[in-house]
Amino acid sequence: MTIIQSIILGIVQGITEFLPISSSAHLLLVPEFFNWSKHSLTFDIVAHAGTLLAIIIYYRTRLISIVNSLLKHQNKSKYIKLVTNLILTTIPTVIIYFLLNDQIENILGSTKVIQFTLIIGGILLLVADIYSRRNKSTDEISSLTATLIGVGQGLSLIRGMSRSGTMLTIGLFFKTDRKKLVEYVFLASIPIISAGLLLKSVEYVNNPTGEGIAILFFGFLSSFLSGFFAIKLLNRLIDNNIIMISAIYRIILALLLILK
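Computed from a prediction, not measured in an experiment: that's the story for all the values here. (Residues numbered from 1 in each chain as written. Predicted model: local features only at pLDDT ≥ 70, side-chain atom pairs only at ≥ 80, totals over all residues. Heavy atoms only, no water.)

(A) The arrangement of the side chain of His39 in detail. By the secondary structure assignment, His39 is in the loop between helix 2 (23-34) and helix 3 (41-58). With a relative accessible area of 17%, His39 lands in the buried category. Look past the residues within four positions of His39 in its chain and what remains in contact with it is Met1, Leu9, Leu27, Asp44 and Glu211. (Helix = DSSP H or I, 4+ residues; strand = E, 2+ residues; numbered from the N terminus. Buried < 20%, exposed > 50% of the residue type's maximum accessible area, 1.4 Å probe, protein only. Contact = heavy atoms within 4.5 Å.)

(B) Local environment of the packing of helix 6 (residues 111-134) against helix 11 (residues 242-259). Look at helix 6 against helix 11: their axes get within 8 Å of each other, and the N-to-C directions meet at 155°. Relative to helix 11, helix 6 is oriented roughly antiparallel. Crossing geometry of helix 6 relative to helix 11 is assigned as left-handed. Contacts between helix 6 and helix 11 involve Ile114, Gln115, Thr117, Leu118, Ile119, Gly121, Gly122, Ile123, Leu125, Leu126 and Asp129 from the former and Ile243, Met244, Ala247, Arg250, Ile251, Leu253, Ala254, Leu255, Leu257 and Ile258 from the latter. For the contact of helix 6 with helix 11, the residue count by class is 15 nonpolar, four polar and two charged. (Axes fitted to C-alpha atoms, helices over the stretch in contact; angles between N-to-C directions. Parallel < 35°, antiparallel > 145°, perpendicular 65-115°, else oblique. Left-handed = near helix turned anticlockwise from the far one by under 90°. Nonpolar A, V, L, I, M, F, W, Y, C, P; charged D, E, K, R; others polar.)

(C) Structural context of a nonpolar patch on the surface. A surface patch of nonpolar side chains, amounting to about 770 Å² of accessible area, comprises Phe116, Ile120, Ile123, Leu124, Val127, Tyr131, Leu144, Phe173 and Phe174. No other element matches helix 6, which puts six residues into the nonpolar patch. By relative accessible area, Ile123 is classed as partly exposed at 40%. (Patch = residues over 30% accessible without salt bridge, like charges linked within 9 Å, V, L, I, M, F, W, Y side chains within 5 Å. Areas by Shrake-Rupley, 256 points an atom, 1.4 Å probe, with all protein chains shown as cover. Salt bridge = Lys/Arg side-chain N within 4 Å of Asp/Glu carboxyl O.)

(D) Structural view of the packing of helix 7 (residues 143-155) against helix 9 (residues 178-206). Between helix 7 and helix 9, whose axes approach to 12 Å, the crossing angle comes to 60°. The angle between helix 7 and helix 9 falls in the class oblique. Viewed along their axes, helix 7 and helix 9 form a crossing whose handedness is right-handed. Touching Ala146, Ile149 and Gln153 of helix 7 are Leu181, Tyr184, Ala188, Ser189 and Ile192, all from helix 9. Taken together, the residues of the contact of helix 7 with helix 9 sort by class into six nonpolar, two polar and no charged.

(E) Structural context of the pattern of salt bridges. Taken as a whole, this structure holds six salt bridges when the rule is applied. Lys200 is paired through a salt bridge with Asp44; the nearest N and O atoms lie 2.8 Å apart. Taken together, the residues Lys200 in helix 9 and Asp44 in helix 3 connect sequence positions 156 residues apart. One connected set of salt bridges, linked through shared partners, spans Asp129, Arg133 and Arg178.

Note that all results are geometric; they support no functional claim without further evidence.
What follows is the structure in structure tokens.
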């Protein structure tokens, strides 16, 4: 891998991790398109670390206020509800991972599957976006919605589904306030991305591979910067057409893959 390739893949990781267009699909399709060799587990780890840092930096004020409120017992019930919901979202994701990850990776990891999941996920996201606009609500995230969002996050293990895409789709169908939903989706991704990094790090210890320091650094940096940009973009445009554009993009990409 060259530095240019690491920068491109880092940008792809950062943008597609947070916009609802599937990072797992793009990280498979982009190297295939350019006929690049497969990147190492080490690169995967540092790229995901970049996106995790982007979430933490962007939501640092919110995260600090949550911790301070819980420690100082200020608005504690409000934040206990949030933390409870985050746990409810995380649990089904973890269960799905440990029960089905091997089967999903072996059976549902091909380009053919990606074509299907991109188009189905895109259609569902588009329908959810239209439904949400016609049934506007300022509803908070309920325990049921949080749990179902976790199921959606677990199903995003299938390449092409998109973690943010499935979570947004479920939240929009349950008429959750859009801005609150986007923030929740990103906060809920922190424990899952962190757990994923831990598992990948354990795997790396057992089978160390990797590129040079410069390549890893630029991959991390580009992933962090593009991830931060993607979070900011989705937050700013969530009430406009960013969801619809993402859904249409997914459908067009899937059709191009089918027709090629």
